[in-house]
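# Reading the structure
The lines below spell out each chain.
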Amino acid sequence: MNIGVATEIKPDEYRVALTPAGAFELTRRGHAVVIERGAGQGSAFLDTDYEAVGARIGSAEDVWADSELVLKVKEPVPEEYGRLREGQVLFTYLHLAASEELTRALIDSGAACVAYETVETDDGALPLLAPMSEIAGRLAAQAGAAFLEKPVGGRGLLLGAVPGVAPGEVVVIGGGMVGYNAAVIALGLGAQVTILERSIDRMRHLEEVLGARVTLLMSSSLQIQDSVAQADLVVGAVLIPGALAPKLISREMVAGMNEGSVICDVAIDQGGCVETSRPTTHSEPVFTVEGVTHYCVANMPGAVPITSTKALTNATLPYVEEIATHGLREAIARDPALARGVNVLEGKITYEAVADAHGLDYIPLDDVLRLSPV
Ligand SMILES: NC(=O)c1ccc[n+]([C@@H]2O[C@H](COP(=O)([O-])OP(=O)(O)OC[C@H]3O[C@@H](n4cnc5c(N)ncnc54)[C@H](O)[C@@H]3O)[C@@H](O)[C@H]2O)c1
């Protein structure tokens, strides 16, 4: 198959969809891989690294015009809409429920659009979202610790403290992939960590893996209020799949926190779980409300592209290989997890939550496949 890797042109995005190691796995199986000139630069991969494993370097035109499968990291931006074409497969993060304009552009393109974030295994795991949640969770603790320093407006507190001084209090709301990873790093820094969760099974698992070093509490409005009031750093890490994040922390609760405390609302990409949150960028990551620093970067893994690019390719490559080896139709038939990733196919929305989000028609994937060849 002809596989193209486009350069990310979204501001502040330095990741690339394929590492040279990933490109090698594809070229050695006989696929033709073309990488857009400079695509790997932000992740410290040179064009020559790709050429050394048998990939070709080309222009954006070469990538989009010639490829049967286009790999990206972020959703296409308006300049890219016109480059997609009928019969082409696009494999990337799409987050279509958040953009009707993009959804309509993909419908008009006639391309098969497979979203990393909705590839879902039978047990409900999201294997292509998980690595970015791991990174965002770890970064949340790191960023939170940094913004607690006095010169950048923080309380002036070292999370881990020193012997003889009490450590800082970290409260994590939601003990899933982000929450667990935030807790691991905060514990490693020596902080006192509390996780609020609403799934008892998940709390049992967290106790098994984290032991007695962390306090696990059932999440309720009252508990959130009490815990947030004590916290130096709050990490918002809840997810209700497919839905906007619930606003669990009110402005009043924020106002009750100590001056210079930090809230890291990782769930901001789903609207945020704090009433006073709004999305920020890596160029301007924080703002202050009620004396509390808010860190609400919507694409946190973009800050560490060397790590994120490798973690992303580790997760996506098996699916890329499936599509490249069998073609999309056969790959979907073989792997239901990949089938759940198909959001738009031949001008039809095949993912129900996306159609619902915009009041557009939903056609089940099987019906589209039955009607026409991929
Ligand atoms: N900002 C970023 O760059 C970035 C990067 C990756 C993930 N995220 C976001 O982080 C959020 C968490 O992702 P995840 O992969 O950890 O999800 P996850 O499904 O692994 O975990 C979410 C957890 O929240 C819990 N939860 C739900 N409602 C709750 C409540 N009321 N109180 C306490 N816990 C509750 C669930 O039981 C679950 O354990 C998502 O919104 C995700 O999109 C953001």
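Structure's up top.
Let us look at the structure shown here. (Residues numbered from 1 in each chain as written. Predicted model: local features only at pLDDT ≥ 70, side-chain atom pairs only at ≥ 80, totals over all residues. Heavy atoms only, no water.)

Turning to the sheet that holds strand β6 (residues 112-115), a few remarks are in order. Here we have eight strands laid out as an open sheet, ordered β3-β2-β1-β4-β5-β6-β14-β15, and mixed in their pairing. Looking at the sheet topology across the chains shown, the edges are occupied by β3 (56-58) and β15 (348-349). Across two bridges, β6 lies against strand β14 (residues 342-345) in antiparallel orientation. Looking at β14, one finds that Val114 is bridged to Val342. The strands touched by helix α11 (residues 305-326) are β1 (2-5), β4 (69-71) and β5 (89-92); relative to β5, the strand with the most contacts, the crossing angle is about 170°. (Pairing = 2+ DSSP bridges. Helix = DSSP H or I, 4+ residues; strand = E, 2+ residues; numbered from the N terminus. Contact = heavy atoms within 4.5 Å. Axes fitted to C-alpha atoms, helices over the stretch in contact; angles between N-to-C directions.)

Taken together, 25 residues surround the ligand, and among them Ser133, Val178, Glu197, Asp269 and Met300 come closest. Between the ligand and the protein, one listed contact pairs an oxygen atom with a backbone N or O atom of Met177 at 2.9 Å. Here the ligand loses 87% of its free accessible area of 870 Å² to cover by the protein chains. Listing elements by their share of the shell around the ligand, those giving two or more residues are α6 (130-147), α7 (177-189) and β8 (192-197). Ranked by residues supplied to the shell around the ligand, first place goes to α6 with three residues. Its residues assigned to classes, the shell around the ligand shows 15 nonpolar, seven polar and three charged. (Near = heavy atom within 4 Å. Polar contact = N/O pair within 3.5 Å; in protein donor to acceptor, adjacent residues only side chain to side chain. Areas by Shrake-Rupley, 256 points an atom, 1.4 Å probe, with all protein chains shown as cover. Nonpolar A, V, L, I, M, F, W, Y, C, P; charged D, E, K, R; others polar.)

Another point: the environment of Arg198. Residue placement: Arg198 occurs in the loop between β8 and α8 (200-210). Overall, Arg198 belongs to the exposed group, its relative accessible area being 61%. Sequence-wise, Arg198 and Ser219 are 21 residues apart; in three dimensions their C-alpha atoms are separated by 5.1 Å. Filtering out sequence-adjacent residues up to four positions away, Arg198 remains in contact with Met218, Ser219 and Ile240. (Buried < 20%, exposed > 50% of the residue type's maximum accessible area, 1.4 Å probe, protein only.)

Next up on the list: the sheet that holds strand β7 (residues 169-173). Spatially, the seven strands line up as an open sheet ordered β9-β8-β7-β10-β11-β13-β12, and their pairing is mixed. The sheet is open, and its two edges are formed by β9 (214-218) and β12 (286-289), each paired on a single side. Ignoring which end each strand starts from, the neighbouring axes of this sheet average 20° apart. Pairing analysis gives four bridges linking β12 to strand β13 (residues 292-295), with the strands arranged antiparallel. Its bridge partner lying in β13, Thr288 is registered against Thr293. Strand contacts of α6: β10 (233-236), β11 (262-265), β12 and β13, with the helix running at about 150° to β10, the strand carrying the most contacts.

Here we come to the pattern of salt bridges. On inspection of all chains with the given rule, the structure shows 15 salt bridges. Linking Lys10 and Glu75 is a salt bridge whose minimum nitrogen-to-oxygen distance equals 2.6 Å. Taken together, the positions of Lys10 in the loop between β1 and α1 (20-27) and Glu75 in the loop between β4 and α4 (78-81) put the pair 65 residues apart, joining distant regions of the chain. Residue Lys10 is classed as partly exposed on the basis of its relative accessible area of 30%. Using a relative accessible area of 15% as the deciding quantity, one classes Glu75 as buried. The closest approach of N and O atoms between Glu290 and Arg251, which form a salt bridge, is 3.1 Å. On the criterion of sequence distance, the pair formed by Glu290 in the loop between β12 and β13 and Arg251 in helix α10 (residues 251-255) is long-range, its members being 39 residues apart. Each of the salt bridges in this network shares a partner with another, and the network as a whole consists of Glu25, Arg28, Arg29 and Glu321. (Salt bridge = Lys/Arg side-chain N within 4 Å of Asp/Glu carboxyl O.)

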